Amino acid sequence: MVKFSKELEAQLIPEWKDAFVNYWQLKKQVKKIKISRKPKHHVHDGNTTLHDFGRSIFDSIRSFTMSITSHKLHKPEVPQVKSIIKEGVDGEEQEEQEEMYETENELVQLFSEEDEVRLFFEMLDEELKKVNDFYKTKESEFLERGDILNKQLQILLDLKQVLSDRRRKTLGSRSGSGFSSRSHSSSGRNSDFSETPSEYCDSPTGIETISQTEEVIAALEKNGINFVNSASTRAKTKKGGKPKVAMRIDIPATTPTRTIAAVTSMLWEDLVNNPKKDGPREYINKKKIQCAEKMIRSAFVELYRGLGLLRTYSSLNMVAFVKILKKFDKVAKQQASANYLKQVKRSHFISSDKVVRLMDEVESLFTQHFANSDRKKAMKFLRPQQNKESHVVTFFVGLFTGCFVTLFSVYAILAHLSGMFSPRTEAGYVETVYPVFSMFALLSLHLFMYGCNLFLWKSTRINYNFIFEFQPKTALKYRDAFLIGTCLMTSVVGALVVHLILLSSGFSPSQVDAIPGILLLVFLALLICPLNIFYRPTRFYFLKVIRNIVCSPFYKVLMVDFFMADQLTSQIPLMRHLESSACYFLAGSFKTHGLPTCKSGRMYIELAYVISFAPYYWRAMQCARRWFDESDINHLANLGKYVSAMVAAGARLTYARQPDSQLWLAIVLVTSVIATVYQLYWDFVKDWGFFNLKSKNILLRDELILKNKSIYYASIALNLVLRVAWVETVMHFNVRLFESRLLDFFLASLEVIRRGHWNFYRLENEHLNNVGKFRAVKAVPLPFRETDSDG
């Protein structure tokens, strides 16, 4: 049977952990009571009487409160509930309760005798107050969100109705026949979001611009929103009425199309529109309404998720109070806490039904307006189910791991027996086979490190799905990452064995060197395969993130985007190998073995600089976009870090082509030292949150997830050592071609390992920032905004 403490640790909301009942501390206090309590006989005037500990506690705490505003060790408090009666809108009476406290002398006397018991109940009161206050805060926050969303939804429905009526009038005037109008409650107004692709708003097609009419103004004024320059607004202003309120549809510029549209709209409003002309200057188009609908739909999903978390928070804390009071009863050997538990059950976080009612309302609205009244379809989006972990995946991970080890051993033996790495044959074989093998090996190593990260994040309760905004149903698990990596390496080593066997059997290199190229094409085809096989959601999401990175700064930068861009900065060797392989096969060199074509060609050399700069450039553009969106100067400082890394990479690449130049050696040393110091500072201080001089943990941060602090200090030293691996580029080792390629692969592998090591602490710091702000639900921007205007 699983202990409740472990069950609570597994089920609590990680971002709200500090707001939960500190069950573990209360449990320790109960143990202290058990240790300190011994049967005592008190003698009074020669007569020995045994005090009933349980009954005295029961009599004293039966009226304990659900929360206490102040706690003093010598003044235990007992509540009185005062009712405040207010008259509601409909003339009905509404009651609110506020707690008042006074001290019982008998209870003080008891606590003076039982210090551990007194401390236990004072701790219990503090925890009850903490839970109650947090629940009230979150409840009011979600209720406010619900009110705002209701208003946003009503505006959306009004605008859709106006557009629908407008379209019917236009079609009616053309065909001579009309259509019956639809009411707001009809199912015809609902939109089936499953028919709207997630990227619909990115497409420039289908835009239908419709000028504002008095119908639009009237529909919006019903919700208390007026357009600037409308007739009714001007009349109110002339009579000295309230300032005008302007309604705007804010569609975030998250894509290139929206970014360009936003800039175009600004230019249109500033240069083309005539502000002196009467009438509204706003435009509503079908595309904006569809984007607004998508935003409101996402906001409803997040609201429902937050309400579900709050309900879970309430139930888990109630169980925690029941369990800890039962433990106390076991120590006291009496049912001494029954009345305290009654007070807990009457507290707000248990007695309030506002969350449940709001959840029902959200379900109803979402089903009606976003799922064509299909509740089953609505629940798929409101309550997405996670895929259960299968033992089949674990089996195949073990199977492919064994196959890889076996095939790699066979390959090593065959290569040694055939003399493939001898000075006579190594040049051609290493130059053609090594880049493909190294590329897939580095990719597999990165997948392995990512699988380790997923395992550690899950073990330490770091909510990476929320941070990366992954869908729970399709999110990659650590076993899946291991399966992809082992499957990839097994296929690659198998192809290498076949290639080597064919070479040893007498086939010419021009006949068998196409095998690595075919393997590369197969994996590229599998990556973009539209069929629902081999983790299609993950593959397509990966391609989407790569698109966002390459098109920086036109796409809005999310956490997953810049996190993946950071991974690419550690995979520059992989991209260089991809360049080499592509050149070798596309230039037809594998038929003639014209290796100099892909080593000394001008275009090849220039492209090498582009590839070395590209990941740092993309990351710098992401920093620029984040600074533009958030106006945070730290993003500009981060941009400087990637610019310095770009300069250092260019200097090292130039020095590698001119190894005898002392000038370039000096430039490499200066630029690399500056970039390394910059990167180390950002790693430790900004990304990991370390070196806080005021922290209670020396040179670390206040909050740590790992219990062993020495791991953090070892990680700092390891990151420092791996960051200076570039020193090898300025040292000239007298080794053969095979050893030099092996050394390059080893250094590239160390950088991948360093990145995987960096990933854990980067996400740990991000998670702790979310915990510090109790941020467990994504804030979705809303499309309709009200702003005061002077007209």
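An unreviewed UniProt entry lists the protein under the name Phosphate transporter PHO1, with Anisodus acutangulus as the source organism. As recorded by UniProt, the Sequence similarities (unreviewed entry) comment attached to the protein reads in full: "Belongs to the SYG1 (TC 2.A.94) family."

**Student:** Report on the overall build of the protein, specifying residues and quantitative values.
**Tutor:** Helix and strand counts for the protein come out as 28 helices and 8 strands. Evaluated residue by residue, the protein yields a buried proportion of 44% over its 791 residues. Across the protein, every contact between residues at least 6 apart in sequence was considered, and the portion connecting residues at least 24 apart equals 76%. Total accessible area on the protein is roughly 42,100 Å²; 60% of this is exposed by carbon and sulfur atoms.

**Student:** Go over helix 27 (residues 710–723) with me, naming the residues and quoting the values.
**Tutor:** Under the 1.5 Å per step criterion, the end-to-end length of helix 27 is 20 Å for 14 residues, consistent within 8% with the ideal 20 Å. Residues of helix 27 that are buried sit in contact with helix 26 (662–687) and helix 28 (737–772).

**Student:** Lay out the packing of aromatic side chains in plain terms, naming residues and giving numbers.
**Tutor:** Under the criterion given, the structure shown has 40 aromatic pairs. Here F121 and Y340 contribute two aromatic rings whose centre-to-centre distance is 5.8 Å and whose plane-to-plane angle is 55°, an arrangement assigned as tilted. Highlighted residues: F121 in helix 5 (residues 115–175) and Y340 in helix 10 (residues 338–345), separated in sequence by 219 residues. For the pair shown, F121 and Y340 are each scored as buried. A connected cluster of aromatic rings, assembled from ring pairs, spans Y450, W457, Y464, F468, F470, Y541, F563 and W758.

**Student:** How would you summarise a nonpolar patch on the surface if you had to cite specific residues and measurements?
**Tutor:** Taken together, the side chains of F691, L693, I698, L699 and Y713 present a nonpolar region at the surface, about 530 Å² in accessible area. The exposure class of I698 is exposed, given its relative accessible area of 63%.

**Student:** An account of the UniProt feature "transmembrane region" (unreviewed entry) in the protein is requested, with residue identities and associated values reported.
**Tutor:** When the UniProt feature table is mapped onto this chain, "transmembrane region" (unreviewed entry) is found at residues 392–414, 434–457, 478–502, 514–535, 663–682 and 711–731. Strand forms 0% of residues 392–414 and helix 100%; the C-alpha atoms that close the span are 33 Å apart. Taken end to end, residues 478–502 is 100% helix and 0% strand, and its first and last C-alpha atoms sit 36 Å apart.

**Student:** Kindly report on the pattern of salt bridges, identifying the contributing residues and their values.
**Tutor:** All told, the structure shown has 19 salt bridges when counted by the stated rule. Residues R625 and D629 are paired through a salt bridge, measuring 2.8 Å at the closest nitrogen-oxygen approach. With a gap of 4 residues between them, R625 and D629 both fall in helix 24 (residues 602–630), about one helical turn apart. The class for D629 is partly exposed, based on a relative accessible area of 35%. Among the charged side chains, a network of salt bridges with common partners joins D683, R723, E751 and R754.

**Student:** An account of unusual backbone geometry is requested, with residue identities and associated values reported.
**Tutor:** Cis geometry is adopted by the peptide bond preceding P553, which originates at S552 and carries an omega value of 10°. Structurally, the position occupied by P553 is in the loop between helix 20 (536–550) and helix 21 (559–569). Positive phi is not limited to glycine here, since F534 has a value of about 50°. Note on placement: F534 falls in the loop between helix 19 (514–527) and helix 20. Positive phi, close to 50°, is recorded for F774, a residue that is not glycine.

**Student:** Residues and numbers for a positive patch on the surface, please.
**Tutor:** A contiguous patch of positive charge, built from K3, K6, K28, K31, K32, K34, K323, K326, K327, K330 and K333, is present on the exposed surface. Broken down by secondary-structure element, the contributors of at least two residues to the positive patch are helix 2 (23–36) and helix 9 (286–332). With respect to the helices and strands, K326 occurs in helix 9.

**Student:** Any chance you could break down the environment of Q335 for me, citing the residues and the numbers?
**Tutor:** One can find Q335 in the loop between helix 9 and helix 10. Once the C-alpha coordinates of Q335 and L325 are considered, the two residues, 10 residues apart in sequence, prove to be 9.2 Å apart.

**Student:** Which residues make up the packing of helix 17 (residues 478–504) against helix 19, and what values do they have?
**Tutor:** Look at helix 17 against helix 19: their axes get within 10 Å of each other, and the N-to-C directions meet at 160°. Relative to helix 19, the element helix 17 is oriented roughly antiparallel. Considering how the two elements wind past one another, helix 17 and helix 19 form a crossing that is right-handed. Together, L488, S491, V492, A495, V498, H499 and L502 of helix 17 and I515, P516, L519 and F523 of helix 19 make up the contact between the two elements.

**Student:** Tell me about the side chain of S581, and name the residues and values.
**Tutor:** Examined against the element boundaries, S581 turns out to sit in helix 22 (residues 572–586). For S581, a relative accessible area of 3% corresponds to the buried category. Setting aside its immediate chain neighbours within four residues, S581 contacts P435, V436, M439 and L520.

**Student:** Describe in detail the environment of S749, supporting the description with residues and values.
**Tutor:** Summarising the element assignment, S749 is placed in helix 28. In this structure S749 comes out as buried when scored by relative accessible area, which is 11%. Expressed as a C-alpha distance, the spacing of S749 and P573, which sit 176 residues apart in the sequence, is 9.4 Å. Here F745 takes part through its backbone oxygen, which lies 2.8 Å from a polar atom of the side chain of S749.

**Student:** Kindly report on helix 13 (residues 375–382), identifying the contributing residues and their values.
**Tutor:** For the α-helix, the turn length of 3.6 residues means that residues three or four positions removed from each other point alike. All buried positions along helix 13 are accounted for by A378, M379 and L382. Burial along helix 13 is one-sided: seen end-on, the buried residues are contained in an arc of 100°. Facing away from the buried surface of helix 13 by more than 90 degrees, the exposed residues are K376 and K380.

**Student:** Lay out the packing of helix 25 (residues 633–657) against helix 26 with the relevant residues and their values.
**Tutor:** Interaxial distance between helix 25 and helix 26 falls to 8 Å at its minimum, and their mutual angle equals 150°. As judged from the angle between their axes, helix 25 and helix 26 are roughly antiparallel. You can see that helix 25 and helix 26 cross each other, and the crossing is left-handed.

**Student:** Help me get a handle on the nonpolar core, residues and values and all.
**Tutor:** Counting 73 residues, the largest nonpolar core has F440, W457, F468 and L763 as its most contacted members. Residues in contact with F440, not counting those within four places in the same chain, are L488, M489, V492, L519, L520 and F523. Counting 69 residues, the second largest nonpolar core, distinct from the first, contains F4, A19, L163 and L316.

**Student:** Explain the side chain of T569 to me, and be specific about the residues and the numbers.
**Tutor:** Take T569: it is sitting in helix 21. When sequence neighbours within four positions are dropped, the list of residues in contact with T569 reads P615, Y616 and R755.

**Student:** Give me the lowdown on the confidence of the model for the protein, citing residues and values where you can.
**Tutor:** Residues with a pLDDT of 70 or more make up 73% of the protein, whose mean pLDDT is 78. When the criterion is pLDDT under 50, residues 177–200 qualifies, and its contacts beyond four places in sequence or with other chains add up to 49 contacts. Note that residues 202–212 has pLDDT below 50 and, in this model, 25 contacts with residues that lie over four places away or in other chains.

**Student:** Report on the environment of R479, specifying residues and quantitative values.
**Tutor:** Within the secondary structure layout, R479 lies in helix 17. By relative accessible area, which is 24% here, R479 ends up partly exposed. Here the alpha-carbon distance between R479 and E389, two residues 90 residues apart in the chain, equals 8.5 Å. When sequence neighbours within four positions are dropped, the list of residues in contact with R479 reads E389, V393, T394 and V397. At 3.2 Å, the side chain of R479 and the side chain of Y478 are in polar contact.

Each value, and the rule that gives it
Residues numbered from 1 in each chain as written. Predicted model: local features only at pLDDT ≥ 70, side-chain atom pairs only at ≥ 80, totals over all residues. Heavy atoms only, no water. UniProt positions renumbered as here; feature names shortened; annotations may be inferred. Helix = DSSP H or I, 4+ residues; strand = E, 2+ residues; numbered from the N terminus. Buried < 20%, exposed > 50% of the residue type's maximum accessible area, 1.4 Å probe, protein only. Contact = heavy atoms within 4.5 Å. Areas by Shrake-Rupley, 256 points an atom, 1.4 Å probe, with all protein chains shown as cover. Expected span 1.5 Å × (residues − 1). Phe/Tyr/Trp six-rings, centres within 6.5 Å; stacked < 30°, edge-to-face > 60°. Patch = residues over 30% accessible without salt bridge, like charges linked within 9 Å, V, L, I, M, F, W, Y side chains within 5 Å. Salt bridge = Lys/Arg side-chain N within 4 Å of Asp/Glu carboxyl O. Lys, Arg positive; Asp, Glu negative; His and termini not counted. Charge placed at Lys NZ, Arg CZ, Asp CG, Glu CD. Axes fitted to C-alpha atoms, helices over the stretch in contact; angles between N-to-C directions. Parallel < 35°, antiparallel > 145°, perpendicular 65-115°, else oblique. Left-handed = near helix turned anticlockwise from the far one by under 90°. Polar contact = N/O pair within 3.5 Å; in protein donor to acceptor, adjacent residues only side chain to side chain. Arc of directions from axis to C-beta. Core = buried A, V, L, I, M, F, W, Y, C linked by side-chain atoms within 4.5 Å. pLDDT = per-residue confidence, 0-100.

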